[in-house]
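# What the coordinates show
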Amino acid sequence: MSKLYIVPTPIGNLEDITLRAIRILGETDLIFAEDTRVTRKLLAHLEIQKTVQPFHAHNEHKALSSVIDRIQASNSVALVSDAGTPGISDPGFLLVRECLSKGIEVECLPGPAALIPAIVASGFPCDRFVFEGFLPHKKGRQTRLKAIAEETRTTILYESPHRLVKCLGQIVEFMGADRHVCVARELTKMFEEFKRGTAAEVMAYYEEHPPKGEIVMIIEGAEPKKAKKYADK
Ligand code: SAM
C-alpha cells in the first residue's frame, strides 16, 4: 500500500533535521519538493541520492492527479518544502486531502516550523494561540487586523522584511501603540534576533534598522476588557 510522508526540513540551521526524517528521505521511492534545487542541496548535504520531482504552489492544483498517480505507483513518497513543515504556509494541504480521499495513508513527521520557536521564545502565553500565516497584502487585510485586535490569544503572523514596518504601523493603528509584540528574525541562523516591546517601540527600532531575512511576528493577545471595546467599535 502506498504512503505519503510529510517531511519537515530545517528553517536555517542544517542540524535541525531529525534522524527519522533523514531515514525516510533515504528510503522513499521519490521525493516531491517545492523547489527541486533547494531540496537537492539538502539531499547532497545529507549524502542522499534520490529522484526529486517538483510540487510547488504554482502547479499544486494542476499537478495533483499526476502526483497521486505517482504515489499510487510507489510504495512511499515524501513531500518536502524549501524550509519547515510542508502545508504550513507552503504547498501540502491539497495533496494531503487528495491522498486521504483516495485512501492513501499520510504520515507527517514532527520537525521544524518557524512559528513554534518564535512563540515559545517570545515570552507571550503559548498555551493557546492563533496562527494567521501571511496576511493578505490588500483585500481582506484590514478585516484580519481588526479580528486580531480583538483576539485574546497570542497571534502569530509570517511577514516579509520589506513589509515589517508597515505591518507594525498597522498594529499601532488597529491595536494601539502599547500592544506588545515580538519580532523573531532569522531563527536558527547566525544572526537570529528577537525584538520585544510595544508595537511603537519595535516599529521605531526597525525604522532605524531596516530588517533583512525571514520574520515571524508575535502579537500579545488583547486584554479581555479591551477586546470587548474593539468588538463594540
Ligand atoms: N513551512 C514553513 C514553516 O513550517 O514555518 C513556512 C514557509 S513560509 C513560505 C516562509 C515564512 O516562514 C517566512 O517568510 C517567515 O515568515 C517564516 N520563516 C521561515 N523560516 C524562518 C526563519 N528561519 N526565521 C524566521 N521566520 C522564518
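Residues numbered from 1 in each chain as written. Predicted model: local features only at pLDDT ≥ 70, side-chain atom pairs only at ≥ 80, totals over all residues. Heavy atoms only, no water.

### Thoughts on the nonpolar core
Counting 20 residues, the largest nonpolar core has Leu168, Ile171, Met175, Val181, Met217 and Ile219 as the members making the most contacts within it. When contributions to this core are tallied by element, the ones reaching two or more residues are α6 (141-150), α7 (164-175), β8 (180-185), α8 (199-208) and β10 (215-219). Among the elements that take part in this core, α7 stands out by supplying six residues, more than any other. (Core = buried A, V, L, I, M, F, W, Y, C linked by side-chain atoms within 4.5 Å. Buried < 20%, exposed > 50% of the residue type's maximum accessible area, 1.4 Å probe, protein only. Helix = DSSP H or I, 4+ residues; strand = E, 2+ residues; numbered from the N terminus.)

### As for the domain arrangement of the chain
The domains assigned to the chain are domain 1 (3-108) and domain 2 (115-231). Taking only C-alpha atoms into account, the centre of domain 1 sits 30 Å from that of domain 2. With six residues of domain 1 at the interface, the matching set in domain 2 holds nine residues. Where domain 1 meets domain 2, there are zero salt bridges. Linking domain 1 to domain 2 there are one residue pair in polar contact (both at pLDDT 80 or more). Looking at side-chain class alone, the side of domain 1 that touches domain 2 contains two nonpolar, three polar and one charged residues. (Domains from an automatic or database assignment. Contact = heavy atoms within 4.5 Å. Salt bridge = Lys/Arg side-chain N within 4 Å of Asp/Glu carboxyl O. Polar contact = N/O pair within 3.5 Å; in protein donor to acceptor, adjacent residues only side chain to side chain. Nonpolar A, V, L, I, M, F, W, Y, C, P; charged D, E, K, R; others polar.)

### What about the layout of surface pockets?
Put simply, the largest pocket is a space of about 440 Å³. Lining the largest pocket are 23 residues; nearest its centre among them are Ala83, Ala114, Phe134, Tyr158 and Glu214. Mapped onto the lining of the largest pocket, the elements with two or more residues apiece are β7 (154-159) and β10. If you count residues domain by domain, the lining of the largest pocket takes at least three from each of domain 1 (3-108) and domain 2 (115-231). (1 Å grid on protein atoms, 1.4 Å probe; cavity = no way out; pocket = protein on both sides within 12 Å on 5 of 7 lines; lining within 4 Å. Points joined across faces, edges and corners; volume = space filled by probe spheres on them.)

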